[in-house]
Amino acid sequence: MEAGDMDEATRAQFPLSFGKPSKVQTQTSAVHSSTRRTSAASASPNQSSRPEPGSRGSRDASGGLNGRGEEDDDGVMIGPPPPPPQANQAQPPDTDEEVMIGPPRPPLATKQVDSDDDGSDSGMDDSMEDLPRIPLSNEIVLRGHSKVVSALAVDHSGSRVLSGSYDYTVRMYDFQGMNSKLQSFRQLEPFEGHQVRSLSWSPTSDRFLCITGSAQAKIYDRDGLTLGEFIKGDMYIRDLKNTKGHISGLTGGEWNPKSKETILTSSEDGSLRIWDAADFKSQKQVIKPKLARPARIPVTACAWDRDGKRIVGGIGDGSIQIWSIKPGWGSRPDIHVEKAHADDITGLRFSTDGQILLSRSTDSTLKVWDLRQIKCPVRVFEDLPNHYSQTNVAFSPDEQLLFTGTSVEREGTSGGLLCFFDRRKLELVSRVGISPKCSVVCCAWHPRINQVFATVGDKKEGGTHILYDPSISQRGALVCVGRAPRKKSVDDFEVQPVIHNPHALPLFRDQPTRKRQREKALKDPLKSHKPELPVTGPGFGGRVGTSKGSLLTQYLLKQGGLIKETWMEEDPREAILKYADVAAKDPKYIAPAYAETQPEPVFTKSDSEEEEK
């Protein structure tokens, strides 16, 4: 063998490169194309059609732009996008050459608007540009619940999502460990037979609070392990301030945004309570709302402000009451708005500056309140159907938009929507269709990952929809969408062994002893039943009686004629005389003593016989 052939044979035994082989990267555009929403799914009257800042212009829809600012034949963008347009620059003459040499040509000069032209359109465009861009281009759904998802909580980093449902379970999702199958890594059932009504993360995201329909709130750690549950009060004590805990089902709860050891809960027993997360046996404060007359009216919703210094509660009589936490404070509210809503209040939310309060109710309205002038709402948004007691309202990260979900009506055709409103102008900005058949209950817009969450469901199914935009969203859904499920390798294959146990066969079993057989027979209710004693005389089936085991009434009815009432039809005189011959022939009692001296009785004839003659 020649030296060259030996070198090639030796080189073939070694790899061309060392280290971990690189994975084939999937194109991002191909991954997100499968999760893209249709244009019909989002009905935005003002925002869906306008180009967004930072986008690649209107020419992206028709074709790509090459590296020199020209379109490619295949419609694929090559190189960086062209620079933004600059004003007050002259346009150079067009050249016949297809290839541009040098820097890209500047855009057309902006035209001056005449003083006579109406500038309302430009003002509207400027105002629309000031609004935040809603991430709506793509969507994924976290499924797994069998009923409507009534609670939602996303931790502060945006990596873990909690969803609670009317099917009594809580599901935990982790974006970092989840693949494109979007399956939860843990499922909890806090209280058997009780709906999950609220979920809230602690400020450090190491624990979360679970509120169910029971009277006891539970705290779990980040991995879903139970840390404890708060004590339940005595339902026979009339004064709620003397009870150690809630005595009726909970309606809401929230962790203090600034204190990791303070928790607020509201209940159907008509009280709000502040708890210490480190002590499950006692409570810090009991708050009884102000009522027109003494009664137990449920508190349907509660919330903290951003600084954790004020508490707001929605009362069952439609009022909104706000308490300020300060030294010596009590149950008397600082702000009391009577008849704020005509029905139960389902959601309350403070603004960051603490001047605006949002309230959502089952009376199909969303009201905006200015806490500096709380007598009447600043704006009332109507025609927002709400059939769930957990429907909330939320702000966008910069609080320029406020949004809430709507419920599906029986004869409606719109389905479940997310309605966005402008906070400054107090007008509708966009309506986003989430589900055609299911109602939207809880919603949230996470500031770090810039993604919108919306929980939906009905009596048969439930899920959490996540809306995102690959160009402006970060992490979150983008991490797990492009992660394919792990392929099964040869090491994952397990052969199910066939186990042969000779002693399990009847042939090799040891015969049980008589003592064991006797003990087993005593435990058998049929074998150990004491037999009934035989009877002599009339009876049937071993039972004494002439009715043959049936009820006496049934026996008499079967015989027929024994219970027939004939005394109403026959003559009483004839009924007595038919026993005269028997009494004369066989006297038993009094007649034999007077047989010699007793005269022969003579009976008169019946009147009926004389009348017949």
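Owing to the predicted nature of the structure, the values given are computational and were not obtained by experimental measurement. Throughout, residues of each chain are indexed from 1 in the direction in which the sequence is written. In keeping with the predicted nature of the model, local features appear solely for residues at pLDDT of at least 70, side-chain atom pairs appear and are counted solely at 80 or more, and the whole-chain, interface and lining totals rest on all residues. Calculated side-chain values reflect all of the structure's heavy atoms, with hydrogen atoms and water omitted.

**Some points on the pattern of salt bridges**
A carboxyl oxygen of Asp or Glu within 4 Å of a side-chain nitrogen of Lys or Arg is what we treat as a salt bridge. A complete count under the given rule lists 14 salt bridges for this structure. Among the salt bridges present, the one from D239 reaches K288, with a minimum N-O distance of 3.6 Å. Of this pair, D239 sits in the loop between β10 (226-229) and β11 (250-255) while K288 is found in the loop between β14 (279-287) and β15 (299-304), placing the two residues 49 residues apart along the sequence. Summary of the burial criterion: residues with accessible area below 20% of their type's maximum are buried, those above 50% are exposed, and those between are partly exposed, where the area comes from a 1.4 Å probe applied to protein chains only. Using a relative accessible area of 32% as the deciding quantity, one classes D239 as partly exposed. Among the residues examined, K288 registers a relative accessible area of 33% and is labelled partly exposed. Between R310 and D305 there is a salt bridge, with its nearest N and O atoms 3.7 Å apart. By the burial criterion, R310 is buried, and D305 matches it. If you follow the salt bridges from partner to partner, you end up with R160, D174 and D223 in one network. Secondary structure elements are defined from DSSP: runs of H or I of at least 4 residues count as helices, runs of E of at least 2 residues count as strands, and each element is numbered from the N terminus.

**So, the sheet that holds strand β4 (residues 160-165)**
Note: two strands are recorded as paired if DSSP finds a minimum of 2 bridges between them. Spatially, the four strands line up as an open sheet ordered β3-β4-β5-β6, and their pairing is antiparallel. Edge positions in the sheet fall to β3 (149-154) and β6 (186-188), since each of these pairs with one other strand and no more. Neighbour-to-neighbour, the strand axes of this sheet turn through a mean angle of 20 degrees, independent of strand direction. Both β4 and strand β5 (residues 170-174) contribute to a ladder of five bridges, which runs antiparallel. Following the sheet pairing, G164 is matched in β5 by V170. Fitting a line to C-alpha atoms yields each axis, with helices limited to the stretch in contact; the angle taken between N-to-C directions then spans 0 to 180 degrees.

**Things to note about the packing of aromatic side chains**
What describes a pair of aromatic rings is the distance from one ring centre to the other and the angle between the planes of the rings. Ring geometry is summarised as follows: Phe, Tyr and Trp rings, the Trp one being its six-membered ring, pair when their centres sit within 6.5 Å, and such pairs are stacked at plane angles under 30 degrees, edge-to-face over 60 and tilted between the two. For the structure on display, the rule yields nine aromatic pairs. Considering the side-chain rings of Y166 and Y388, the 6.2 Å spacing of their centres and the 55 degrees angle between planes classify their relative orientation as tilted. One end of the pair, Y166, is in the loop between β4 and β5; the other, Y388, is in the loop between β22 (379-381) and β23 (393-395), with 222 residues separating them in the sequence. Here Y166 falls in the buried class, since its relative accessible area comes to 15%. On the accessibility criterion, Y388 (16% relative accessible area) is buried. On the basis of an interplanar angle of 65 degrees and a centroid distance of 6.1 Å, the ring pair of F403 and W445 is categorised as edge-to-face.

**Observations regarding the confidence of the model for the protein**
One rule of thumb: low pLDDT means the predicted coordinates there are not for detailed reading. Across the protein, the average pLDDT comes to 79, with 73% of residues at 70 or higher. Note: pLDDT gives the predictor's confidence per residue, expressed from 0 to 100. Any two residues whose heavy atoms approach within 4.5 Å are treated as being in contact. Taken as a whole, residues 108-127 scores under 50 in pLDDT and shows nine contacts with residues more than four places along the chain or in a different chain.

**With respect to the UniProt feature "repeat: WD" (unreviewed entry) in the protein**
UniProt positions are given in the numbering used here, feature names are shortened, and annotations may be inferred rather than shown by experiment. As annotated by UniProt and renumbered to match this structure, "repeat: WD" (unreviewed entry) occupies residues 142-176, 243-285, 299-326 and 338-372. With 0% helix and 61% strand, the stretch residues 299-326 has end C-alpha atoms that lie 22 Å from each other. Across residues 338-372, the secondary structure splits into 0% helix and 49% strand, with the terminal C-alpha atoms separated by 16 Å.

**Focus: the side chain of T406**
Its place among the elements puts T406 in the loop between β24 (401-405) and β25 (416-422). In this structure T406 comes out as buried when scored by relative accessible area, which is 4%. Pairs of N or O atoms within 3.5 Å make up the polar contacts considered here, provided that, within protein, one atom can donate a hydrogen while the other can accept it, and that residues adjacent in sequence are counted only when both atoms are side-chain atoms. In this structure the side chain of T406 is engaged in a polar contact, spanning 3.0 Å, whose partner is the backbone nitrogen of L417. Once you skip the residues sitting within four places of it in the chain, T406 turns out to touch R360, L384, P385, G415, G416, L417, C419, S439 and V440.

**Side note on a nonpolar patch on the surface**
Here the term patch refers to residues with relative accessible area over 30% and no salt bridge, with like charges joined within 9 Å and nonpolar side chains (Val, Leu, Ile, Met, Phe, Trp, Tyr) within 5 Å. Residue burial considers only the protein chains on display, and all accessible areas are found by Shrake-Rupley using a 1.4 Å probe. A grouping of L505, L507 and F508 is seen on the molecular surface, where their side chains present a nonpolar patch of about 340 Å² in accessible area. The topology assignment puts F508 in the loop between α4 (477-481) and α5 (514-523).

**Concerning the sheet that holds strand β8 (residues 207-212)**
Strands sit in the order β7-β8-β9-β10 across an open sheet of four strands; the sheet is antiparallel. The strands lining the two open edges of the sheet, one partner per strand, are β7 (196-201) and β10. Here the average twist between neighbouring strands, direction ignored, is 20 degrees. In terms of strand pairing, β8 meets strand β9 (residues 218-221) through four bridges, oriented antiparallel. The partner of L209 across the bridge, within β9, is I219.

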